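An overview of the molecular structure
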Amino acid sequence: MAASLVDWASGDQGASFGEDELDGPLSAEPPHPINWNLLSADDAETEWIELNRWVNWLRRTYGLPASVVPPFWHRHPELVWKLSALHLHWLCAYDPDQHGSAPFGWHRDFADARQRLHDWVATSGTRLERDRPTRQTAWPGEPLADDVDDIDISDRDADFVQFVLDDVARRRAAEAAFYARAESP
């Protein structure tokens, strides 16, 4: 498990998790699209931490309100996918080998993305100090969607760490089950 996540979870972090700005990537790989559905447990942990660091930097740098980037964005796949794509776009735009006008293109696309993020945040129902799962519409013939209730969350960073730990554990269990099936006759 990544040392920074373990340190944060144990209370040894000093500053709030993710507030180390962009000191450098956790991974030495070049920027690449992230398919969150296919990440291994270890890769998911690294990507969650990287994305969280960048989202914290983004919201502070641009003064983004919770109606554009809410504290519980990690609980909403529609926001994770959009922020992940925006992160990749930013990494590529600011790559030293990139053309000098690439950052201008990123800012143009960021303006469009802010409006889409705002719309998705409104639809998802996540707010500054509470969250609820995004409501799902049942199509004809499907069972009705479960009712969703708001939950109050008083510590965003602790919620993020627990969310990542749960995601990594779920992925590890799926990996173990896959390898167990592959090894059995």
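See above for the structure.
This report concerns the structure included in the present document.

About the thresholds
- Residues numbered from 1 in each chain as written.
- Predicted model: local features only at pLDDT ≥ 70, side-chain atom pairs only at ≥ 80, totals over all residues.
- Heavy atoms only, no water.
- Helix = DSSP H or I, 4+ residues; strand = E, 2+ residues; numbered from the N terminus.
- Buried < 20%, exposed > 50% of the residue type's maximum accessible area, 1.4 Å probe, protein only.
- Contact = heavy atoms within 4.5 Å.
- Areas by Shrake-Rupley, 256 points an atom, 1.4 Å probe, with all protein chains shown as cover.
- Core = buried A, V, L, I, M, F, W, Y, C linked by side-chain atoms within 4.5 Å.
- Polar contact = N/O pair within 3.5 Å; in protein donor to acceptor, adjacent residues only side chain to side chain.
- Axes fitted to C-alpha atoms, helices over the stretch in contact; angles between N-to-C directions.
- Parallel < 35°, antiparallel > 145°, perpendicular 65-115°, else oblique.
- Nonpolar A, V, L, I, M, F, W, Y, C, P; charged D, E, K, R; others polar.
- Phe/Tyr/Trp six-rings, centres within 6.5 Å; stacked < 30°, edge-to-face > 60°.
- Expected span 1.5 Å × (residues − 1).
- Salt bridge = Lys/Arg side-chain N within 4 Å of Asp/Glu carboxyl O.

Here we look at the overall build of the protein chain
The helix and strand inventory of the protein chain stands at five helices and two strands. Each helix and strand of the protein chain, ordered N terminal to C terminal, gives the series α-α-α-α-β-β-α. Sorting the 185 residues of the protein chain into buried and exposed places 35% on the buried side. Long-range contacts, defined here as pairs at least 24 residues apart, represent 70% of the contacts in the protein chain between residues at least 6 apart. A total of about 11,100 Å² of accessible surface is found on the protein chain, and carbon and sulfur atoms cover 54% of it.

What about the nonpolar core?
As a rule of thumb, soluble globular proteins bury nonpolar side chains together. Membership of the largest hydrophobic core comes to 30 residues, with the highest contact counts inside it found for Trp48, Leu51, Trp54, Leu58, Trp73, Leu86 and Trp106. Contributing elements (two or more residues each) for this core: α2 (41-61), α3 (77-93), α4 (102-124) and α5 (156-183). Examining the composition of this core, we find that eight residues originate from one element, α2, more than from any other. When neighbours within four sequence positions are excluded, Leu58 is seen to be in contact with Gly63, Leu64, Leu86, Trp106 and Phe110.

Concerning the side chain of Arg156
Among the secondary structure elements, Arg156 is positioned in helix α5. Given the relative accessible area of 15%, Arg156 is considered buried. In terms of polar contacts, Arg156 uses its side chain to reach the side chain of Asn52, at 2.8 Å.

Some remarks on the packing of α2 against α3
Between α2 and α3, the shortest axis-to-axis distance is 10 Å and the interhelical angle comes to 80°. Between α2 and α3, the angle falls in the class roughly perpendicular. Along the contact surface, α2 presents Trp48, Glu50, Leu51, Trp54, Val55, Trp57 and Leu58, while α3 presents Val80, Leu83, Ser84, Leu86, His87 and Trp90. Each residue belonging to the contact of α2 with α3 can be placed in one class, and the counts come to 10 nonpolar, two polar and one charged.

Some details on the packing of aromatic side chains
Enumeration according to the criterion identifies 14 aromatic pairs in this entry. A centroid spacing of 5.0 Å and a plane angle of 50° characterise the contact between Trp57 and Trp90, whose relative ring orientation is tilted. Of this pair, Trp57 sits in helix α2 while Trp90 sits in helix α3, and the two are 33 residues apart along the sequence. Of the two residues, Trp57 and Trp90, neither departs from the other in class, the shared state being buried.

Some thoughts on α5
The terminal C-alpha atoms of α5 lie 40 Å apart, and with 28 residues this matches the ideal 40 Å at 1.5 Å per residue to within 8%. Among the residues of α5, those classed as buried are Arg156, Asp157, Asp159, Phe160, Val161, Val164, Asp167, Val168 and Arg171. At the N-terminal end of α5, a side-chain oxygen is found 3.2 Å from the backbone nitrogen of Asp157, two or three residues along, and the residue is Asp155.

Quick notes on α4
Across its 23 residues, α4 extends 31 Å between first and last C-alpha, which sits within 8% of the 33 Å expected from 1.5 Å per residue. Those residues of α4 lying buried are Ala102, Pro103, Gly105, Trp106, Phe110, Ala113, Leu117, Val121 and Ser124. Looking at the buried residues of α4, the elements they touch are α2 and α3. One or two positions beyond α4, positive phi appears at Gly125, with a value near 90°.

As for the environment of His32
Mapped onto the fold, His32 is located in the loop between α1 (3-10) and α2. His32 sits in the partly exposed class, given a relative accessible area of 32%. In contact with His32, other than residues within four places in its own chain, are Glu47 and Leu88.

Here we look at the pattern of salt bridges
By the definition in use, this model includes nine salt bridges. Between Arg75 and Asp159 there is a salt bridge; the shortest N-O distance is 2.6 Å. Pair noted here: Arg75 is in the loop between α2 and α3 and Asp159 is in helix α5, with a separation of 84 residues, a long-range link. Looking at Arg75, the relative accessible area reads 31%, which means it is partly exposed. You can call Asp159 buried: its relative accessible area is 12%. For Arg171, the salt bridge is made with Asp167, and the minimal N-O distance between the two is 2.8 Å. In this pair, Arg171 and Asp167 are both assigned in helix α5, four residues apart and thus about one turn of the helix distant. This pair shows no difference in class: Arg171 is buried, exactly as Asp167 is.

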